[in-house]
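# Structural characterization, general
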Amino acid sequence: MRKYIAIILLVLSSCKGFLEETPTTSLSEDSVYDSPQALEANINGCYLSLNNISLWKGTMYEYFQTGSGLIIWGGNRTTDEWLDGMYFTKYSTDLIGNKNLWNALWLGINRCNRLIDQLPESPVEDDFKREIEAEARFLRAFLYFTAVRIYGDIPILTSSPKTAEELHNVRKPFQDAYALVLQDLAFAEANMRSPERSEEVAPGKNRPNKWAATAVKSSVYLTIGSLLSAPEDNFWDTSKRVPDFSACNISSAADAFALAYDAATSVIIDGPYSLAEDYRTLFRWTEPGDWFLPESILKITSSNKAGQNYCSIHMLPPYPEGTANFATANSNAGRVRPSRFAVENFLKYSGGRLGTGSHNKVLYASTADPRYRATFIDTYLNQNTGKQVNAYPNDDRITASSDAFIRKYLDPTYDVTSGKADFYLMRLAEVYLIAAESAASLSAGPGDSWWEAAISNVNVLRDRARRSVLAGEASAPVDWKSSDFADSKALVNAIMWERVIELTGEGHEWFDTHRRGATWLRDNIAAPANAFYLGHLPDFNTYLNYHYPGSISKGAVFPTDIQDLRKGLLSAYPESELRLNTAESRQNDFFWQ
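This section reports on the structure supplied with the text. Given the structure is predicted, the values throughout are model-derived calculations rather than measurements.

## Quick word on the overall build of the protein chain
Scanning the protein chain from terminus to terminus reveals 20 helices and twelve strands. Relative to its 593 residues, the protein chain shows a buried fraction of 61%. Put simply, 75% of the contacts in the protein chain that link residues at least 6 apart link residues at least 24 apart. As presented, the protein chain carries roughly 21,300 Å² of accessible surface, and 51% of it is formed by carbon and sulfur atoms.

If you want it as C-alpha cells, here you go:
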C-alpha cells in the first residue's frame, strides 16, 4: 500500500516581531516579497509556524509526549487518544495527537517552501535574499528533523505544491530525509546571519543565528548515531533494508557520533552562547533579561494573548502561588504532568535522599539539586483557597492520584488563559549533553580520552546546578568521577538520565526514549517503570487504575516484548494519510518498504 500526503496550501502572514503575528491585508502575491521588510515579515511567518497549537507548546505535549514513559496526563483517561501512551506511540486513528501534529508539521514546511520558491523573483538584493533563504532552510530542516524522528519514512517536498498532482507525494526512505536536513543545515551554516548581523537587522528579536544551524546539526548526528548503534533493534527490518547514510558522509554509528561531538564542541568553544550562571533564571520570567539569556539557541516566544501559552495552562496547578491566577477556574490545569517514574529517577540520579516514612523507605523523597525546585512543583499554595496543597509524595505523605507539576512555565502574568513564558527548543546545556553522549558512545571504556570528555561535559552542567542557590553551593549534584561507571553503556545511560534532570518539560522526552532502540527502551524505561509502579507502594494499584485504566489486569503498564516495542519506536501515519479504515490501520507499519 502506497502512502500519500495531502498538503494544505496556506497564505503567509506578516509579523510585527519574532513570533508575534499581525496578519497582512490587501497584498498581492507579488507585493509580499518585493522589499526587505516584506521578506522579514515572511521569515517571521515561518517562525510563527513553530507556535502552532498542535506542536511543542500544545497538543504535542498533551497527547504525544505521554508516549515517552516520562510524561503522564492529569486525571483518568479511557480513550485511545490517551491510552496509546502505554504503548509508546500514536496510532493512525488518533486524531488530535497524530493527525493534528502531522498537519502542523507540513503546514510549517510548506510555509518555508513557499518563501524559498518566491525568492528568485524578488527584486531585493541577492545577499539579503540569501540570508532569508538560509533561515527558511534552517527552519525547514528543524521541522523535517522533527517529522522524520516521529514517522520514519516521510514525503519530502522542497517546493510548495502548485498542482493537484503535486499535492500527493509518496513517502521517501527516512535516511533521505536526514540527508535533506543536513543539506539545509549546511546551507544555513554558510549563509545565515552572524549574531551581530542578526541583531543589526532585527534588533531585540532574539532571532537564531548561523550557530543555531551547527547546534541542531549536532543533534541530527547524535540521532543518526543512536539509530545506527542498534540497527537490528530499531524500527526498520534489516532483511528488507539496510539504511544507507552515505549521502550524510556516515558509514557507521561511530562516524555519526564523531560528527556530533565535533559540531557540539564547535558550538561550545567558538559559538556566541554561554550558560546562564544560575539555572533558575532560565525559568524565572520576572526580570527583563530572562527572555534574552545567552544560553538560548532556538526558542518559541510567547505573548499574553489568550491561548498563546498552553504549557502554562496545561502544566501548572490551579491557582498557583506566584501567578495572576487567583480565582478563575480552568479545567485544563495540570493536564500534563511528569510521571512518578520520571520524578523518582530525577531524584535518584541527582543524588536524592530516600524517604523516611514507613510506606516509602525504598523511594526517593528529596534532593539538594537546585534543578529539582526549578523544574517541579510538589507543594504549593492554592491562591483561591489559601490552603497548602501537597501534590507529590514526600517522606510518609502518600496519595494515590497525585503527581508533581512542571514549574518551568510559571510566569507571574499567567492568568489561566495566557502567559509570557518562552519555550526553549534548544539551549546550550543540551549541546553539552550532546557532546557528552557522543563522547561516551565513542569511548572504549574508563579512562580513555572520550570517557574523560563525556565526564567533563556533564560536570560543567552539574557545577552550574550546584551554584544555582542564593549563596555558596548546594550539596548536590556532585561531580562525576571516572570510576563512577563500569563501562560505556552505563555512562551513556547515566547521561540519558542527566538529560531528564536538565531538560524535563522542554519537549525532548519522546525523542530521547525512542532513538536508541527497543532493547534500550525496554531496559531503561518499560521494565523498570513496570517494576516501579507495580512493586513499591500499596496504593499504586489505585494510582495505575486512575491513570491507566485496566492496566493491572494485564500485569504491567508498558509492553516489554521487543517486537511490540519496535512498533512503538515510531508513530503510525494518520488514518487520513493512509487512506485506510481497517483493523490493520491500528498496527504501526514499522517494516518500511
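## Things to note about the packing of aromatic side chains
Two aromatic rings, taken as a pair, are described by how far apart their centres are and by the angle between their planes. All told, the structure shown has 32 aromatic pairs when counted by the stated rule. Between Trp-56 and Phe-142, the ring centres sit 5.5 Å apart and the planes meet at 40 degrees, which makes this aromatic pair tilted. Of this pair, Trp-56 sits in the loop between α1 (36–48) and α2 (59–64) while Phe-142 sits in helix α5 (residues 126–151), and the two are 86 residues apart along the sequence. We classify Trp-56 as buried; its relative accessible area is 4%. Put simply, the rings of Phe-145, Phe-174, Tyr-178, Phe-235, Trp-236 and Phe-245 touch in pairs and so form one group of aromatic residues. Across the ring face of Phe-187, the terminal group of Arg-137 is positioned such that the distance to the ring centre comes to 4.3 Å. We note Arg-171 situated over the ring of Tyr-573; from NZ or CZ to the ring centre the distance is 4.7 Å.

## What about the nonpolar core?
In a soluble, globular protein the nonpolar side chains are often hidden away together inside. Of all hydrophobic cores here, the largest spans 147 residues; its most connected members are Trp-56, Phe-138 and Tyr-178. Per-element accounting of this core gives the leading share, 15 residues, to α5. If we ignore the near neighbours within four places in the chain, the residues touching Trp-56 are Leu-50, Tyr-61, Phe-142, Leu-143, Thr-146, Ile-300, Cys-311, Phe-423 and Leu-425. Ala-391, Phe-405, Leu-410 and Val-416 belong to the second-largest nonpolar core, a separate cluster that totals nine residues.

## Quick look at the packing of helix α6 (residues 174–191) against helix α8 (residues 210–228)
At a closest axis distance of 8 Å, the pairing of α6 and α8 adopts a crossing angle of 155 degrees. For the element pair α6 / α8, the angle class is roughly antiparallel. Our pair here, α6 against α8, has a crossing hand that is left-handed. Listed contacts from α8 to Tyr-178, Val-181, Leu-182, Leu-185, Ala-188 and Glu-189 of α6 are Lys-210, Ala-213, Thr-214, Val-216, Lys-217, Val-220, Tyr-221, Thr-223, Ile-224 and Leu-227. Within the contact of α6 with α8, the residues separate by chemical class into eleven nonpolar, two polar and three charged.

## Considerations on the environment of Phe-142
A residue is classified by how much of its surface remains accessible, and Phe-142, at 6% relative accessible area, is buried. Placed 37 residues apart in sequence, Phe-142 and Leu-105 show a C-alpha to C-alpha distance of 10.0 Å. Other than its neighbours up to four places away in sequence, Phe-142 contacts Trp-56, Val-216, Leu-298 and Leu-425.

## Notes on the pattern of salt bridges
Tallied over the entire structure, the rule returns 40 salt bridges. Its salt-bridge partner being Lys-217, residue Glu-189 comes within 3.0 Å of it at the nearest N-O pair. Within this pair, whereas Glu-189 is found in helix α6, its partner Lys-217 is found in helix α8, the two being separated by 28 residues in sequence. Glu-189 gets classed as partly exposed once you look at its relative accessible area, which sits at 21%. Since its relative accessible area comes to 16%, Lys-217 is described here as buried.

## Side note on the pairing of strand β4 (residues 296–300)
Across the five residues that make up β4, a large majority, five, are buried. Across four bridges, the pairing between β4 and strand β12 (residues 423–427) is antiparallel. Looking at the pairing, Ile-300 lines up with Phe-423 of β12.

## Brief notes about the environment of Arg-335
On the secondary structure map, Arg-335 appears in the loop between α10 (310–315) and β5 (336–338). Placed 262 residues apart in sequence, Arg-335 and Trp-73 show a C-alpha to C-alpha distance of 5.3 Å. For Arg-335, the side chain forms a polar contact with the side chain of Glu-62, separated by 2.3 Å.

## What about the side chain of Ser-488?
Secondary-structure assignment places Ser-488 in helix α15 (residues 488–503). Residue classification places Ser-488 among the buried positions, given a relative accessible area of 16%. In terms of polar contacts, Ser-488 uses its side chain to reach the backbone carbonyl oxygen of Ala-440, at 2.4 Å. When residues no more than four places from it in sequence are discounted, the contact partners of Ser-488 are Ala-440, Ser-441, Ser-443 and Trp-451.

## So, unusual backbone geometry
A cis amide bond links Ala-476 with the next residue in sequence, Pro-477, at an omega value of 5 degrees. Checked against the element boundaries, Pro-477 lands in the loop between α14 (449–466) and α15. You will see that Phe-88, though not glycine, has its phi angle at about 70 degrees, which is positive. Here Tyr-319, not a glycine, exhibits a phi torsion of approximately 55 degrees, which is positive.

## What about the environment of Arg-516?
On the secondary structure map, Arg-516 appears in the loop between α16 (509–514) and α17 (518–535). The class for Arg-516 is buried, based on a relative accessible area of 11%. A sequence separation of 292 residues divides Arg-516 from Ile-224, and the C-alpha atoms of the two residues are 9.6 Å apart. For Arg-516, the residues in contact, after removing those within four places along its chain, are Ser-226, Ser-229, Ala-230, Asn-234, Phe-257, Glu-437, Ser-441, Val-492 and Met-496. Of the polar contacts made by the side chain of Arg-516, one reaches the side chain of Glu-437; its length is 3.0 Å.

Conventions adopted
- Residues numbered from 1 in each chain as written.
- Predicted model: local features only at pLDDT ≥ 70, side-chain atom pairs only at ≥ 80, totals over all residues.
- Heavy atoms only, no water.
- Helix = DSSP H or I, 4+ residues; strand = E, 2+ residues; numbered from the N terminus.
- Buried < 20%, exposed > 50% of the residue type's maximum accessible area, 1.4 Å probe, protein only.
- Contact = heavy atoms within 4.5 Å.
- Areas by Shrake-Rupley, 256 points an atom, 1.4 Å probe, with all protein chains shown as cover.
- Phe/Tyr/Trp six-rings, centres within 6.5 Å; stacked < 30°, edge-to-face > 60°.
- Lys NZ or Arg CZ within 6 Å of the ring centre and 35° of its normal.
- Core = buried A, V, L, I, M, F, W, Y, C linked by side-chain atoms within 4.5 Å.
- Axes fitted to C-alpha atoms, helices over the stretch in contact; angles between N-to-C directions.
- Parallel < 35°, antiparallel > 145°, perpendicular 65-115°, else oblique.
- Left-handed = near helix turned anticlockwise from the far one by under 90°.
- Nonpolar A, V, L, I, M, F, W, Y, C, P; charged D, E, K, R; others polar.
- Salt bridge = Lys/Arg side-chain N within 4 Å of Asp/Glu carboxyl O.
- Pairing = 2+ DSSP bridges.
- Polar contact = N/O pair within 3.5 Å; in protein donor to acceptor, adjacent residues only side chain to side chain.

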